[in-house]
Amino acid sequence: MRAHRDRITQTGRRLASAALLVAAVVTAPAPSFAGQFSVVLDQVVAVVAGRFQGSVPPQIITRWDLEAECRLESILRYGAAGVDRPISKSLRAAVLERIVDESVIRREAVRLDGGEVDEGSIDEAVADLTDAVGGSEDLLDLLEQALLPESKVRSILARRLVADRYVIDSLRLTMSFTESELEASFKCMVHPFGVKELEEVRDEFRDFLLEVKADQHREELIDDLTNRCRLWIFINPGALES
């Protein structure tokens, strides 16, 4: 995993030094007195494209995509204080890495016709986000203060849902547990099933084990799928001003 990110960093430095930046002006939701939103996007910061699969369009990540997700992460971490808190270099770099990684996974999901997510699942993700910040009115207020349209937040959550689903589905296809492995894991692991017997929650526990192993599988998937992609990073996120 480190190797592919080192390649990304090196590519970004070469392209940034060549000033290969793309200017764009795009209309997107941001508050105004009429309740409408408009945001100027002035930079393409990354592109994820296929090395072999030309049927899937390149995914373009703009400066607006990056800054919007940084602000959302800041709100999740710091609540109201995160609305106008300066974005640290480390946070911006981590968010860009996450966007690129999830875009690599999502690209493969799109190739396999699994790139869509239903509105109900996004609604559930929004509800979880709402609980994290204290309520729906609190969330809407924070988003308005941060000039973040709800539509943008929903698109971020949709990308994450597609990536998470692909990781779990891929893991489910490649990993199976024997009865003895299930029993041993159920006895020795800390899990949310309390004093219930394995026979009562076998399927749920199997899904729980998949979730536990998902992080490692995600990293392996990213390494594998990155080799099928061409990645361009046009910025050094640690050098951007907040």
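Please read these numbers as outputs of a predicted model, since none were measured by experiment. (Residues numbered from 1 in each chain as written. Predicted model: local features only at pLDDT ≥ 70, side-chain atom pairs only at ≥ 80, totals over all residues. Heavy atoms only, no water.)

With respect to the overall build of the protein chain
And step 1. When you go through the protein chain residue by residue, the secondary structure sums to 8 helices and 3 strands.
And step 2. Shown N-terminal to C-terminal, the secondary structure of the protein chain runs as helices and strands in the order α-β-β-α-α-α-α-α-α-α-β.
And step 3. Buried residues in the protein chain amount to 44% of all 242 residues.
And step 4. If you take every contact in the protein chain between residues at least 6 apart in sequence, the share linking residues at least 24 apart comes to 69%.
And step 5. Total accessible area on the protein chain stands at roughly 13,500 Å², and carbon and sulfur atoms take up 52% of it. (Helix = DSSP H or I, 4+ residues; strand = E, 2+ residues; numbered from the N terminus. Buried < 20%, exposed > 50% of the residue type's maximum accessible area, 1.4 Å probe, protein only. Contact = heavy atoms within 4.5 Å. Areas by Shrake-Rupley, 256 points an atom, 1.4 Å probe, with all protein chains shown as cover.)

Some remarks on the packing of aromatic side chains
And step 1. Tallied over the full model, the rule gives 4 aromatic pairs.
And step 2. Taken together, a centroid distance of 4.9 Å and an interplanar angle of 85° make the contact between Phe 186 and Phe 205 edge-to-face. Of the two residues, Phe 186 is situated in helix α7 (residues 179-188) and Phe 205 in helix α8 (residues 202-226); the sequence distance between them amounts to 19 residues. As far as burial versus exposure is concerned, Phe 186 and Phe 205 are alike and both buried.
And step 3. Geometrically, the ring pair formed by Phe 205 and Phe 208 is stacked, given 5.9 Å between the ring centres and 25° between the ring planes. (Phe/Tyr/Trp six-rings, centres within 6.5 Å; stacked < 30°, edge-to-face > 60°.)

Regarding the pattern of salt bridges
And step 1. For the structure on display, the rule yields 19 salt bridges.
And step 2. Residue Arg 154 pairs with Asp 123 through a salt bridge whose shortest N-O separation is 2.9 Å. You can see Arg 154 sitting in helix α6 (residues 150-174) and its partner Asp 123 sitting in helix α4 (residues 119-133), a full 31 residues away along the chain.
And step 3. Note on Asp 123: relative accessible area 41%, which makes it partly exposed.
And step 4. The partner of Asp 164 in a salt bridge is Arg 218, with the nearest N and O atoms 2.2 Å apart. Placement of the pair is Asp 164 in helix α6 and Arg 218 in helix α8, with a sequence separation of 54 residues.
And step 5. Among the residues examined, Asp 164 registers a relative accessible area of 36% and is labelled partly exposed. (Salt bridge = Lys/Arg side-chain N within 4 Å of Asp/Glu carboxyl O.)

By themselves these figures say nothing about function.
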